[in-house]
Amino acid sequence: MTVESVQPEAPLAPGLREPPRAGGGVPVLGHGWKLVRDPLAFMSRLRDHGDVVRLKLGPKTVYAVTAPALTGALALSNDFIIAGPLWESLEGLLGKEGVATANGPRHRRQRRTIQPAFRLDAIPAYGSIMEEEAHALTERWKPGETIDCTSESFRVAVRIAARCLLRGDYMDERAERLCVALATVFRGMYRRMVVPLGPLYKLPLPANREFNRALADLHLLVDEIVAERRASGQKPDDLLTALLEATDENGDPIGEQEIHDQVVAILTPGSETVASTIMWLLHMLAEHPEQADRVRDEVEAVTGGRPVAFEDVRALRHTNNVVVEAMRLRPAVWILTRRAVRDTELGGYRIPAGADIVYSPYAIQRDPKSYARNLEFDPDRWLPDRVKDIPKHAMSPFSVGNRKCPSDHFSMAQLTLITAALATRYRFEQVAGSNDGTRVGITLRPHDLLLRPVPR
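Here the structure is a predicted model, which means the values were calculated and not measured. (Residues numbered from 1 in each chain as written. Predicted model: local features only at pLDDT ≥ 70, side-chain atom pairs only at ≥ 80, totals over all residues. Heavy atoms only, no water.)

With that settled, the discussion passes to the sheet that holds strand β12 (residues 450–455). Pairing in this open sheet of three strands is antiparallel, and the strands run β4-β12-β9 from one edge to the other. Since the sheet does not close on itself, it has two edges, and those belong to β4 (147–148) and β9 (426–430), each with one partner. Here β4 pairs with β12 via two bridges, running antiparallel. Across the sheet, Ile147 pairs through a bridge with Leu451, a residue of β12. The strands that helix α11 (residues 256–287) touches are β9 and β12; relative to β9, the one it contacts most, it runs at about 90°. (Pairing = 2+ DSSP bridges. Helix = DSSP H or I, 4+ residues; strand = E, 2+ residues; numbered from the N terminus. Contact = heavy atoms within 4.5 Å. Axes fitted to C-alpha atoms, helices over the stretch in contact; angles between N-to-C directions.)

Our focus in this paragraph is a nonpolar patch on the surface. A cluster of nonpolar residues, Leu200, Leu203 and Leu205, forms a patch on the protein surface that exposes about 260 Å² of accessible area. Residue placement: Leu200 occurs in the loop between α8 (172–194) and α9 (206–232). Given a relative accessible area of 45%, Leu200 falls into the partly exposed group. (Patch = residues over 30% accessible without salt bridge, like charges linked within 9 Å, V, L, I, M, F, W, Y side chains within 5 Å. Areas by Shrake-Rupley, 256 points an atom, 1.4 Å probe, with all protein chains shown as cover. Salt bridge = Lys/Arg side-chain N within 4 Å of Asp/Glu carboxyl O. Buried < 20%, exposed > 50% of the residue type's maximum accessible area, 1.4 Å probe, protein only.)

Close contact between α11 and helix α12 (residues 289–303) brings their axes to 5 Å; oriented N to C, the two are set at 105°. In terms of orientation, α11 and α12 fall into the roughly perpendicular class. On α12, the residues that touch Met284, Leu285, Ala286 and Glu287 of α11 are Pro289, Gln291 and Ala292. Classifying every residue of the contact of α11 with α12 by side-chain character gives five nonpolar, one polar and one charged. (Parallel < 35°, antiparallel > 145°, perpendicular 65-115°, else oblique. Nonpolar A, V, L, I, M, F, W, Y, C, P; charged D, E, K, R; others polar.)

Ranked by internal contacts, the top residues of the largest apolar core, which has 88 residues, are Leu282, Phe410 and Phe428. No other element matches α11, which puts 14 residues into this core. The contacts of Phe428, once residues within four sequence positions are left out, are Trp141, Ile147, Leu282, Leu285, Ala286, Leu422, Leu451, Arg452 and Pro453. (Core = buried A, V, L, I, M, F, W, Y, C linked by side-chain atoms within 4.5 Å.)

Once that is clear, we can look at the pairing of strand β11 (residues 444–448). Note that strand β10 (residues 435–440) and β11 share four bridges and pair antiparallel. Paired with Thr438 across the bridge in β11 is Pro446. With antiparallel pairing between neighbouring strands as the criterion, β10 and β11 make up a hairpin whose turn holds three residues.

Attention shifts here to the packing of aromatic side chains. Considering all chains together, one arrives at four aromatic pairs under this definition. Centroid distance Tyr126 to Phe410: 5.4 Å. Interplanar angle 80°. Geometry classified as edge-to-face. Remark: Phe410 occurs in helix α16 (residues 408–425) and Tyr126 occurs in the loop between α5 (104–114) and α6 (127–140); sequence separation between them is 284 residues. Of the two residues, Tyr126 and Phe410, both sit in the buried class. Judged by centre distance (6.4 Å) and plane angle (65°), the ring pair of Tyr371 and Trp382 falls under edge-to-face. (Phe/Tyr/Trp six-rings, centres within 6.5 Å; stacked < 30°, edge-to-face > 60°.)

Here we come to the environment of Leu29. Counting through the fold element by element, Leu29 comes out in the segment before α1 (32–37). Classification of Leu29 as partly exposed rests on a relative accessible area of 29%. Sequence spacing of Leu29 and Leu57 is 28 residues, and the spatial spacing of their C-alpha atoms is 6.1 Å.

Before going further, it helps to examine the pattern of salt bridges. Between side chains of opposite charge, a pair can form when the charged atoms approach closely. Taken as a whole and judged by the stated rule, the model has 29 salt bridges. A salt bridge links Asp293 to Arg427; the nearest nitrogen and oxygen atoms lie 4.0 Å apart. In this pair, Asp293 is assigned in helix α12 and Arg427 in strand β9, connecting sequence segments 134 residues apart. A relative accessible area of 22% means that Asp293 is categorised as partly exposed. Residue Arg427 is classed as partly exposed on the basis of its relative accessible area, which comes to 37%. The network of salt bridges with common partners includes Glu132, Glu133, Arg159 and Arg163.

As structure tokens, this is what we get:
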């Protein structure tokens, strides 16, 4: 039982309505088949039915929230916890004892353990590593060669996370293993979320065997990282040391499973979401050369022609806005779920205890009710005189409240620095065989983005 579930219950207001039900469900699968067939379009159309809409995913009734204000209320209310189809599908990867899936006192203790590594005043200590990796990326690429943006984006995201937070020199081989395994695991987890046919996923089918092999390799990789640190006897000032020395509510060392799950939560979701965003930023640089030129001009004005450095990040305002706008149109995390811990209400609708709630940052961040020219790539919409017109909670890429991603400043710093380094060095062109269509899984990224760097 979590602390949220024992809060005093306020009486519900009389006359609460039942949310309308979305049309188009089919027997057995309900609306799950639409989430498999065209999930982004399906979630984007739900607001036409109301601010809260009932769905059927297999045998379960799920409540979809479509209005920005209600997603904010959902994230900030103690009536709802981290749970539901998304988190259940992620437990095979993230475990039940990591900060991403924990609730109540355990979650608050875990946040206290990891938060110092992500404080705003802690980020500059990672600056030299971010610089090295951003510039190494541009040095590794050769003019005219074809870049596999998937593997390159994962590699730089994993290396930055490992070198900054785990102080490990986890080079290409491990980054490549993580990249390959994550692609398989996240694809399988998405299927398990939208079509919850539990027993069938335990059958020895080829797709299930591939999923299980990839999941096992991920966990083996984490065990290697923890074992190597213990064997070294070293205690650098990093997140892994903090975990190895952390204590629980009774003052005892936290268990091995919790350490394992926390390292998984550091390496995998963060690397997946940052890598996906880097892919979309590369796509943006190729598709919008005028914006790439503006980034280059800003960087040169700030640096005077020297290589861009971490200390320049705060001055790169347009570059930062380019990153934010890319995350608005192409959020890595496109769907989230919560669970009601008691009978409650949301937007005037009755939500029963135990109900699962789903919402889509992708749909909310593209909603024409919130954004003028909603599908246009326009970084200037984040200028001070325009951003005030955007409704609250219509753009929350790192969530809000006690579930806000602790690494928001860390992620934005590396994304801004990488974008600046890339746009200053190269223009980008898509090549034959590139597929920039959206691959939908637990996260969004291009199917197979292939680019050619052209020196400036």
